[in-house]
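# Observations on the three-dimensional arrangement
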Amino acid sequence: MAAATVAEADPAETDGAAAAAFTDLRDPGWNESQLRQYTFPNRQIPRLSHTDPRAEVLINNEEPVVLTDTSLVYPALKWDIPYLQENIGNGDFSVYIAENHKFLYYDEKKMTNFQDFVPKSHRIEIKFSEFVDKMHQTEEQGGKERVYLQQTLNDTVGRKIVVDFLGFNWNWINKQQAKRNWGPLTSNLLLIGMEGTVSVCPSLSTFKSVSCCSNHCQIFFVDFENPDYDKFPNFKNAVGYEAVVGPGDVLYIPMYWWHHIESLLNGGVTITVNFWYKGAPTPKRIEYPLKAHQKVAIMRNIEKMLGEALGDPHEVGPLLNMMIKGRYDHELS
């Protein structure tokens, strides 16, 4: 199973009637002691049948939802470590090694611009059998070090994995793509995390994610265990959205939502398959008022443009502050 949490600052209130209809449905087979506890409040992400009209409303409103009965990756429900080790093939896999349970995402190419940056994890390319051996060695040593596999499913996988992959419910997911005008499918990621690991996956990009888990995990951003309120003052107002994602469940993560995956404590290895889609192309006719995700897209594009024009990411913030000060900041008070 997996527990998912996405966080936002100053969230818009959910309609009262709709909120009352979404009860706290949690899967059996785990308990609260397996979840890390944080200081901010959490709302439950609704768990609904994909045929429930409320699921349609949530997805159309760019809100997360767990769909319980799509059979999207039904053939992969048998993907445990022995099965994968026997059938995954002899290709190289991207494996990350961290000094503790936190795997903080960073863009390796972009971070070369920051001389003082010290990554908390590093990547190696090894065979799947070597990853399994390293995972077992880490478990036996009982230390803080953790390993995490993140690999795109490609043409190096074995025949049985190909057969399983072709058996996914492509009819359903392709209909969702066409119906919601998503962009192309960019990748299917296989993610394997040891129990208790945290993998930060910021969705501040033009992607939508559909995740399907076959064991236990949980989802977030910032360092929730030790939040730096000086650096992230608005995090004091953060509200999380949380769900436990079980075998075969599909978690829809809207574009631009921060999230991270946290394998449950004492919950065993978590195996997940992600479907990453590009966002919808820009419509020829813009409808106003703009939606929240469209405003975030504008913010990110402006930041990217300024960073490229200035040549130094550190100059973006001061320039934006200079633009606002005395002109727009009075409207924020």
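Residues numbered from 1 in each chain as written. Predicted model: local features only at pLDDT ≥ 70, side-chain atom pairs only at ≥ 80, totals over all residues. Heavy atoms only, no water.

What follows is about the overall build of the protein chain. When helices and strands are tallied, the protein chain shows eight helices and 15 strands. Across the 333 residues in the protein chain, those meeting the buried criterion constitute 44%. Residue pairs in contact within the protein chain that sit at least 24 positions apart in sequence constitute 85% of those at least 6 positions apart. (Helix = DSSP H or I, 4+ residues; strand = E, 2+ residues; numbered from the N terminus. Buried < 20%, exposed > 50% of the residue type's maximum accessible area, 1.4 Å probe, protein only. Contact = heavy atoms within 4.5 Å.)

Take the packing of aromatic side chains next. Applying the stated criterion to the full structure yields 16 aromatic pairs. Aromatic side chains Y38 and F40 sit 5.9 Å apart centroid to centroid with 5 degrees between the ring planes, which places their arrangement in the stacked category. Their ring planes at 75 degrees and their centres at 4.8 Å tell us that F40 and F224 sit as a pair that is edge-to-face. Highlighted residues: F40 in the loop between α1 (16-21) and β2 (42-44) and F224 in the loop between β11 (207-213) and β12 (238-245), separated in sequence by 184 residues. Members of the aromatic cluster, connected to one another through ring pairs, are W79, F165, F168, W170 and F275. (Phe/Tyr/Trp six-rings, centres within 6.5 Å; stacked < 30°, edge-to-face > 60°.)

As a working rule, side chains carrying opposite charge can pair if their charged atoms are close by. Across all of its chains, the model carries 10 salt bridges by this definition. Residue K179 is joined to E56 by a salt bridge in which the shortest nitrogen-to-oxygen separation is 3.0 Å. In this pair, K179 is assigned in helix α6 (residues 170-179) and E56 in helix α2 (residues 53-60), connecting sequence segments 123 residues apart. Several salt bridges share partner residues, and in doing so they unite R36, E225 and E262 into one network. (Salt bridge = Lys/Arg side-chain N within 4 Å of Asp/Glu carboxyl O.)

A few words on the side chain of N87. Mapped onto the elements, N87 comes out in helix α3 (residues 81-87). N87 gets classed as buried once you look at its relative accessible area, which sits at 11%. Those residues in contact with N87 that sit more than four places away from it in its chain are V157, G158, K160 and I161.

Once that is clear, we can look at the pairing of strand β13 (residues 250-253). Within a regular strand, side chains alternate between the sheet's two faces. What you see with β13 is no split at all: V250 and Y252 on one side and L251 and I253 on the other are buried throughout. Bridging between strand β4 (residues 65-67) and β13 involves three bridges; their strand directions are antiparallel. If you follow V65 over to β13, its bridge partner there is Y252. (Pairing = 2+ DSSP bridges.)

Now for a nonpolar patch on the surface. The grouping of I298, I302 and M305 at the surface amounts to a nonpolar patch, some 270 Å² of accessible area in total. In this fold, I298 is placed in helix α7 (residues 292-310). Judged by relative accessible area, I298 falls into the partly exposed class, the value being 41%. (Patch = residues over 30% accessible without salt bridge, like charges linked within 9 Å, V, L, I, M, F, W, Y side chains within 5 Å. Areas by Shrake-Rupley, 256 points an atom, 1.4 Å probe, with all protein chains shown as cover.)

What follows concerns the environment of T282. Tracing the backbone shows T282 in the loop between β15 (270-278) and α7. T282 gets classed as exposed once you look at its relative accessible area, which sits at 68%. A sequence separation of 12 residues divides T282 from Q294, and the C-alpha atoms of the two residues are 9.8 Å apart.

Helix packing for two helices is described by the angle between their axes and how far apart those axes are. Axis separation between α7 and helix α8 (residues 316-324) bottoms out at 10 Å; the angle between their running directions is 115 degrees. With respect to their mutual orientation, α7 and α8 come out roughly perpendicular. Where α7 crosses over α8, the handedness of that crossing is right-handed. For the pair formed by α7 and α8, the contact residues are E303, L306, G307 and L310 on the first element and V316, L319 and L320 on the second. (Axes fitted to C-alpha atoms, helices over the stretch in contact; angles between N-to-C directions. Parallel < 35°, antiparallel > 145°, perpendicular 65-115°, else oblique. Left-handed = near helix turned anticlockwise from the far one by under 90°.)

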